[in-house]
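Architecture and fold: a report
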Amino acid sequence: MAIKKTKTTHKIKIKKGDLVKVIAGNSKGVQGKVLSILVDANRAVVEGANIVKKHTKPSAANPQGGIIEKEAAINISNLALIDPKTGKPTRVGRKVNEDGKIVRYAKKSGEEIK
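Residues numbered from 1 in each chain as written. Predicted model: local features only at pLDDT ≥ 70, side-chain atom pairs only at ≥ 80, totals over all residues. Heavy atoms only, no water.

For the chain, the name recorded in an unreviewed UniProt entry is Large ribosomal subunit protein uL24, with Sphingobacterium paucimobilis HER1398 as its organism. Among the UniProt annotations of the chain, the heading Subunit (unreviewed entry) holds the following wording: "Part of the 50S ribosomal subunit." Note on the chain: under the UniProt heading Sequence similarities (unreviewed entry), the record states "Belongs to the universal ribosomal protein uL24 family." (UniProt positions renumbered as here; feature names shortened; annotations may be inferred.)

Printed below as a string of structure tokens:
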């Protein structure tokens, strides 16, 4: 499973642990938690989305071997963050809060994203 590496010039606004919705592709409509971010490839692995079958050899961890199903990476552009206030997909902005820290916020509701 070779992933093509591309150079990104923009800030990735989705982080590990965020609740996102897939807005394009075969897994469209699936909501899940971000398990990992592949910054160099501009992709993310989302729980329950983009399931692929992987053929595995028998090993100590999996003595039986066989075909396992696992999540594959999805392009960041096909994901939308779920607004913590409304529960709907939203875009993400960045602003400076009262403490002088840069925080992410949901553009639909203005709610800060933890």
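A few points about the domain arrangement of the chain
Split into domains, the chain comes out as domain 1 (10-82) and domain 2 (85-113). With centres defined by C-alpha atoms, the gap from domain 1 to domain 2 works out at 24 Å. Contact with domain 1, which involves 10 residues of that partner, is made by eight residues of domain 2. When the two sides are added together, the surface that domain 1 and domain 2 hide from each other amounts to roughly 790 Å², 63% of it contributed by carbon and sulfur. Per-residue buried area on domain 1 facing domain 2 is highest for Lys13, Leu81 and Ile82; these three make up 63% of the total on that side. Summed over the shared surface of domain 1 and domain 2, the result is one salt bridge. Salt-bridge contacts for Asp18 lead to Arg104; the nearest nitrogen and oxygen are separated by 2.8 Å. Across the domain 1-domain 2 interface, the total number found is three residue pairs in polar contact (both at pLDDT 80 or more). Ranked by residues supplied to the side of domain 1 that touches domain 2, first place goes to strand S7 (residues 79-82) with three residues. A breakdown of the residues in the side of domain 1 that touches domain 2 according to their chemical character gives four nonpolar, one polar and five charged. (Domains from an automatic or database assignment. Contact = heavy atoms within 4.5 Å. Buried area = accessible area lost by both parts, 1.4 Å probe. Salt bridge = Lys/Arg side-chain N within 4 Å of Asp/Glu carboxyl O. Polar contact = N/O pair within 3.5 Å; in protein donor to acceptor, adjacent residues only side chain to side chain. Helix = DSSP H or I, 4+ residues; strand = E, 2+ residues; numbered from the N terminus. Nonpolar A, V, L, I, M, F, W, Y, C, P; charged D, E, K, R; others polar.)

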